[in-house]
Amino acid sequence: MVKEIDAVLKQAELIYVHQSKFSEEDWHSTLHTHYFTEVMYVLSGRGSFIVEGKEYPIAAHDIVVVNPYVRHTEKSSGEFPLWYIVIGVNNIRFVKQNKRESHYIFRDVLDEMVPLLKLIIAEINEKQQGANAVLQRLAEVVLVKVLRSNNFSLIEIENKNISKDGAIIKDFIDQHYKENLTLDVLSRQLHLDKYYMIHIFKENFAETPMNYMMQKRLENAQELLISTDYSVGQIAEIAGFTSQSYFNQAFKKGIGTSPNQYRKHHR
């Protein structure tokens, strides 16, 4: 088994390692999928993991494994915001007892990964020379710890449809689309030329990064219009629009109706 895991891990491609921390006001998220596997470790807070139409409670020291192409999202408690580390890794899939489940949720009963995760957070925050190499190796250790603690097996799969840079850009937008995000900001944060980003993103997703960001904002707004009683102005702010008038204009252009009409029709 050890040799098998070692062989599969050699083929694995680390897409990203990052931390996400919700604020008390900003806990709304939308369903999405990845072509790669994600492993999430909850550092603190409470919330829920939504997958396949079901909602599961999650809290500190819970671990969530999501296999490729599974529609999911996280929801944070407003009182106890979620803070978690997530690792995205390509070309592998988790299985247990030969059953290919879409996801797994379990608890780190020994808290043995906490020191590793503290190192990961330090590398993410400090961004020192060689940080990517350190994160690669720390992520591999975390994956092995997850495998050992729950008797998982790894299956090697091939997902070559999307480039690593394309996936990194998409993930950054997925995490930050509610902020004042521009091509220049993306370029600075990801250390990629903005014209290269437009090219590679369009090649992978048939869309420009900024158009994709707008789609994410509108999807979030649609969900909030249906599922909450927030005012249109509040929803505009939550979804990342600079003003209600701009939100109304963008919503009508993208969805074909006004926010109020959309809410009335879908309720």
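Residues numbered from 1 in each chain as written. Predicted model: local features only at pLDDT ≥ 70, side-chain atom pairs only at ≥ 80, totals over all residues. Heavy atoms only, no water.

1. Let's talk about the nonpolar core
Counting 32 residues, the largest nonpolar core has Val17, Phe94, Ile120 and Val146 as its most contacted members. For this core, the element with the highest residue contribution is helix α3 (residues 131-150), accounting for seven residues. Once residues within four sequence positions are removed from consideration, Ile120 is found in contact with Val17, Ile85, Leu135, Leu138 and Val142. Counting residues in hydrophobic clusters, the runner-up holds 18 residues, among them Val64, Val66, Val70 and Val86. (Core = buried A, V, L, I, M, F, W, Y, C linked by side-chain atoms within 4.5 Å. Buried < 20%, exposed > 50% of the residue type's maximum accessible area, 1.4 Å probe, protein only. Helix = DSSP H or I, 4+ residues; strand = E, 2+ residues; numbered from the N terminus. Contact = heavy atoms within 4.5 Å.)

2. What about the UniProt feature "domain: HTH araC/xylS-type" (unreviewed entry) in the protein?
Feature annotation in UniProt places "domain: HTH araC/xylS-type" (unreviewed entry) on residues 167-265, given in this structure's numbering. As a span, residues 167-265 carries 76% helix and 0% strand, and end to end its C-alpha atoms are 35 Å apart. (UniProt positions renumbered as here; feature names shortened; annotations may be inferred.)

3. Some words on the packing of aromatic side chains
Scanning all chains against the criterion turns up twelve aromatic pairs. Seen in terms of ring centroids, Phe106 and Phe152 are 5.6 Å apart; in terms of plane orientation they differ by 50°. Their pairing is tilted. Here the residue Phe106 occupies a position in strand β9 (residues 103-107), and Phe152 occupies one in the loop between α3 and β10 (153-156), the gap between them amounting to 46 residues. Both residues of the pair, Phe106 and Phe152, count as buried. Relative to Phe205, the ring of Phe201 has its centre 4.7 Å away and its plane inclined at 45°; by these criteria the two rings are tilted. You can see Phe201 and its partner Phe205 sitting in helix α6 (residues 194-205), four residues apart, about one turn around the helix. (Phe/Tyr/Trp six-rings, centres within 6.5 Å; stacked < 30°, edge-to-face > 60°.)

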